[in-house]
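Descriptive analysis of the structure
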Amino acid sequence: MQEILQRLSDAILAMDEDAAAQLAQEAIDAGLDPTEVIDSACLDGMERVGTLFEQEEYFIPELLSSADALYAALDVLRPHVHPSVAERQRALPRVVIGSIEGDTHDIGKNVVSLILSTGGCEVRDLGRDVPSTEFVRAAQDFAANIIAISTLMTTTMERVGTVIEALRKQGLRADYLVIVGGRPLSPTFARRIGADGYAETAAGALRLVRALTADPRPKRPGVGDLIVL
Amino acid sequence: MSDLISPRERLLRALHKETVDRAPVICPGGMMNAAIVAVMEAGGNKLPTAHHDATQMTNLAYDVSTMTGFENFGIPFCMTIEAEVLGSAINYGTLECEPKIQKERFASAAEVIFPPADAFDDNNRVRAVASTIHTLSSRYADTPVIGSLTGPISTAASIVDPMTFLKQLRKDKDSSHRVISQVTDYLIHYAQLLVESGVDVISIADPTATGEILGPRMFDEYAVTYLNKLVDAIHAMGKPAIVHICGKMEAVKPSVSQLHGDALSVDAFVSLVKIKQEYPEITTMGNLSTILLEFGEAEKVESATDELKNKKIDILAPACGLSTSTPLKNISTFTAVAKNNG
């Protein structure tokens, strides 16, 4: 990797917004392809952050600060990206994510949302306390292929299944992959409500999305063929 | 067989590390409250009204204690009073659903403006809690009244947008310390009101202050500092304090041992036995799985309770917030087995 790309990746890892923005500008000034800079330096930096997060070297304050450094670099780079890249982005996994109705705990969901966004997914975050009908409506509107539902509360976990019921009722179940996660949930629970995937951790959620949308795309798992990561 | 000491004395003795005939079984209220739907339907005192109305709050706290068998009164039934007083918008929820922060008052820690120092005195829900404590503690001398507080980090993250707040713990330490320190002062004032109303024990739950979220450095810098400031102030009022720490604990175990609380309450997947081995001076509290309580068979609840007793956990309690749809039978099995000396 070119030195400047390495330094940009390092700046993201070091949570240094100013340095990240400056190095992104230097990369543009040096005539580097902005897409290449995003793909190698930025994603590389965030992958390393994700690894440290998984290893419990980094925690949520560090993860969020690294993401800010990433976004500072992206703000500089994106205006220079060739329009053809918009085409490519259509092929990225498209995820709508939210905490289920009744649940206003969204730190975990926000982390998953962040890790998916910085890991190469197009994400629409519906926030917290999201009704099942809103998940379905937003998934249609966003042309999502994945609906990700989170809950932290045993009180609201039963409502996670209502999103899948709502999809079934509207004849839309086959159009979306549904993944679930959150402290009280388990693979058993995910299987029972008919989800397509379950992940225990935020990094697992990214791997799950990548596995579910891998090319060639695997056949939709049948009932009981839950993917667990 | 009648017990030789009252539940109140037993709990206070356990918190003061004195010998007891058996471990108390309690549910402190706040994050961990047992106002389940079955109790409200049977007793007729219901949420969300009982979040506001002192008479209903008193009656519901009484119903919870008598119907579940928990050996205390635990109030309030939510974690939103503190943030309400400090300016955030609250959704009071429904019969089944706990109140929640609708919108944090401030976008960043740097923007926080605090209300007058006596803001808690003027809040209706604070007054309902104080009045409930007064009524219950004067009517039922044998049953301990536990007043629950939302901890400093969680309260701060309930008045400032939580993601910005968490980031600022690193990036804007001055604002973060200013906000959390002042929040702690308000909490101390609130605790003082509860103590003056006759509360026996203060229980602090700080679900944002976990090792998983903060990591060891931030946990030390913020959670330990301000939880201890709060606990020390409660001790100065002559009352014991329980501290509940959510989540996995591996990352912050040494820091947790630095907390000044009189009992440490933990989540279901934390091994209290290991904590007892590593830190024998800690009074352990917990940690019956709330998922087991909601979905398990009564027999499983029975064996899990026996297991906690065999492990000599000092105070038996649910591990976390109870679902409002938890079957009453499972809770009464928990408390009955806990009380059975055989």
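Nothing here was measured: the structure is a model prediction, and the numbers come from that model. (Residues numbered from 1 in each chain as written. Chains lettered and ligands numbered in written order. Predicted model: local features only at pLDDT ≥ 70, side-chain atom pairs only at ≥ 80, totals over all residues. Heavy atoms only, no water.)

1. What about the overall build of chain B?
Regarding its fold elements, chain B presents 14 helices and 9 strands. In terms of overall dimensions, chain B is globule-like: its C-alpha atoms have a radius of gyration of 19 Å, near the 20 Å expected for 342 residues. For chain B, the spread of C-alpha atoms along the three principal axes comes to 60 × 45 × 35 Å. Expressed as a percentage of contacts within chain B between residues at least 6 apart in sequence, the contacts between residues at least 24 apart total 73%. The centroid of the 30 positive side-chain charges in chain B is displaced by 3 Å from the centroid of its 41 negative side-chain charges. (Helix = DSSP H or I, 4+ residues; strand = E, 2+ residues; numbered from the N terminus. Rg over C-alpha atoms; globule rule 2.2 N^0.38 Å. Contact = heavy atoms within 4.5 Å. Lys, Arg positive; Asp, Glu negative; His and termini not counted. Charge placed at Lys NZ, Arg CZ, Asp CG, Glu CD.)

2. Focus on the nonpolar core
One finds Ile159 and Ile204 of chain B to be the most contacted residues of the largest nonpolar core, which totals 156 residues. For this core, the leading source of residues is helix α9 (residues 211-236) of chain B, giving 13 residues. Excluding its chain neighbours within four sequence positions, the residues that come into contact with Ile204 of chain B are Leu149, Gly151, Leu227, Leu230, Val231, Ile234, Ala241, Ile242, Val243 and His244 of chain B. Formed by 28 residues, the second largest nonpolar core is a distinct cluster that contains Ile164, Leu172, Phe189 and Leu226 of chain A. (Core = buried A, V, L, I, M, F, W, Y, C linked by side-chain atoms within 4.5 Å. Buried < 20%, exposed > 50% of the residue type's maximum accessible area, 1.4 Å probe, protein only.)

3. Notes on the pairing of strand β6 (residues 241-245) of chain B
All names here are of chain B. Burial analysis of β6 places 5 of its 5 residues in the buried class, which makes it a mostly covered element. Every second residue of β6 is oriented toward a common face, with Ala241, Val243 and Ile245 on one face and Ile242 and His244 on the other, all of them buried. Both strand β5 (residues 201-205) and β6 contribute to a ladder of 4 bridges, which runs parallel. Its bridge partner being in β6, Ala205 is matched across the sheet by His244. Tracing the backbone out of β5, into α9 and back to the parallel element β6 gives a crossover that is right-handed. In the sheet, β6 pairs with strand β7 (residues 263-266) via 4 bridges, with the strands oriented parallel. Directly across from Val243, in β7, lies its bridge partner Leu264. (Pairing = 2+ DSSP bridges. Right-handed = clockwise from strand over helix to strand, strands pointing away.)

4. What to know about the interface of chain A and chain B
Counting from both sides, the interface comprises 28 residues of chain A and, opposite them, 36 residues of chain B. Summed over both sides, the interface between chain A and chain B buries roughly 2500 Å², with carbon and sulfur atoms accounting for 57% of that surface. Connecting chain A to chain B are 8 salt bridges. The closest approach of N and O atoms between Lys100 of chain B and Asp129 of chain A, which form a salt bridge, is 3.3 Å. Our count for the contact surface shared by chain A and chain B stands at 8 residue pairs in polar contact (both at pLDDT 80 or more). Contributions of two or more residues to the side of chain A that touches chain B are made by α4 (60-77), α6 (107-118) and α8 (154-157) of chain A. Broken down by element, the residue count for the side of chain A that touches chain B peaks at 6 residues, all from α4 of chain A. In terms of residue class, the side of chain A that touches chain B is made up of 10 nonpolar, 7 polar and 11 charged. (Buried area = accessible area lost by both parts, 1.4 Å probe. Salt bridge = Lys/Arg side-chain N within 4 Å of Asp/Glu carboxyl O. Polar contact = N/O pair within 3.5 Å; in protein donor to acceptor, adjacent residues only side chain to side chain. Nonpolar A, V, L, I, M, F, W, Y, C, P; charged D, E, K, R; others polar.)

5. Details of a negative patch on the surface
Together, Glu297, Glu299, Glu302 and Asp306 of chain B make up a region of like negative charge exposed at the surface. Mapped onto the fold, Glu299 of chain B is located in helix α13 (residues 298-310). (Patch = residues over 30% accessible without salt bridge, like charges linked within 9 Å, V, L, I, M, F, W, Y side chains within 5 Å. Areas by Shrake-Rupley, 256 points an atom, 1.4 Å probe, with all protein chains shown as cover.)

6. Structural notes on the sheet that holds strand β5 (residues 197-198) of chain A
Residues and elements named next belong to chain A. The 6 strands lie next to each other as β2-β1-β3-β4-β5-β6, forming an open sheet whose pairing is parallel. The outermost strands of the open sheet, each flanked by one partner alone, are β2 (122-125) and β6 (227-228). Direction of pairing for strand β1 (residues 94-99) relative to β2: parallel, over a ladder of 4 bridges. The residue of β2 that forms the bridge with Val95 is Val123. In the packing of helix α11 (residues 202-212) onto the sheet, the strands contacted are β1, β3 (146-150), β4 (177-181), β5 and β6, and the crossing angle to β4 comes to about 165 degrees. (Axes fitted to C-alpha atoms, helices over the stretch in contact; angles between N-to-C directions.)

7. Observations regarding the packing of aromatic side chains
All names here are of chain B. Here the structure, examined in full by the defined rule, presents 7 aromatic pairs over all chains. When the ring of Phe73 is compared with that of Tyr140, the centres are 5.5 Å apart and the planes differ by 55 degrees; the resulting orientation is tilted. Linking Phe73 in strand β1 (residues 73-75) with Tyr140 in the loop between α5 (124-139) and β4 (145-150), this pair joins segments that are 67 residues apart in sequence. Phe73 gets classed as buried once you look at its relative accessible area, which sits at 2%. The interplanar angle of 40 degrees and the centroid separation of 6.1 Å between the aromatic rings of Phe120 and Tyr186 together place this pair among those described as tilted. Placement of Phe120 in the loop between β3 (100-103) and α5 and of Tyr186 in helix α8 (residues 173-197) is noted, with a sequence separation of 66 residues between them. Exposure remark for Phe120: the relative accessible area of 0% places this residue in the buried category. (Phe/Tyr/Trp six-rings, centres within 6.5 Å; stacked < 30°, edge-to-face > 60°.)

8. Focus on the sheet that holds β5 of chain B
Residues and elements named next belong to chain B. Taken together, 7 strands build an open sheet; the order of strands is β1-β4-β5-β6-β7-β8-β9 and the sheet is parallel. Strands at the two margins of the open sheet, each flanked by one partner only, are β1 and β9 (315-318). Averaged over all adjacent pairs, the angle separating strand axes in this sheet is 25 degrees, with direction ignored. Sheet strands touched by α9: β4, β5 and β6. Its angle to β6, the strand with the most contacts, is close to 160 degrees.

9. Things to note about the environment of Val266 of chain B
All names here are of chain B. Mapped onto the secondary structure, Val266 falls in strand β7. The class of Val266 is buried, set by a relative accessible area of 0%. Residues Val266 and Asn287, spaced 21 residues apart in sequence, show a C-alpha to C-alpha distance of 6.2 Å. Non-local contacts of Val266, meaning those with residues more than four positions away in its chain, are made with His244, Ile245, Met249, Leu272, Ile275, Met285, Asn287 and Ala319.

10. Observations concerning the pattern of salt bridges
Here the structure, examined in full by the defined rule, presents 31 salt bridges over all chains. Note that Glu47 of chain A is salt-bridged to Arg210 of chain A, the shortest N-O span being 3.1 Å. Taken together, the positions of Glu47 of chain A in helix α3 (residues 34-54) and Arg210 of chain A in helix α11 put the pair 163 residues apart, joining distant regions of the chain. When the shortest N-O distance is used, the salt bridge between Arg128 of chain A and Glu104 of chain B registers 2.9 Å. Note that Arg128 of chain A is positioned in the loop between β2 and α7 (132-142) and Glu104 of chain B in the loop between β3 and α5, a pairing that runs across two chains. Each of Glu17 and Asp68 of chain A together with Lys167 and Lys171 of chain B takes part in salt bridges that share partners, so that together they form one network.

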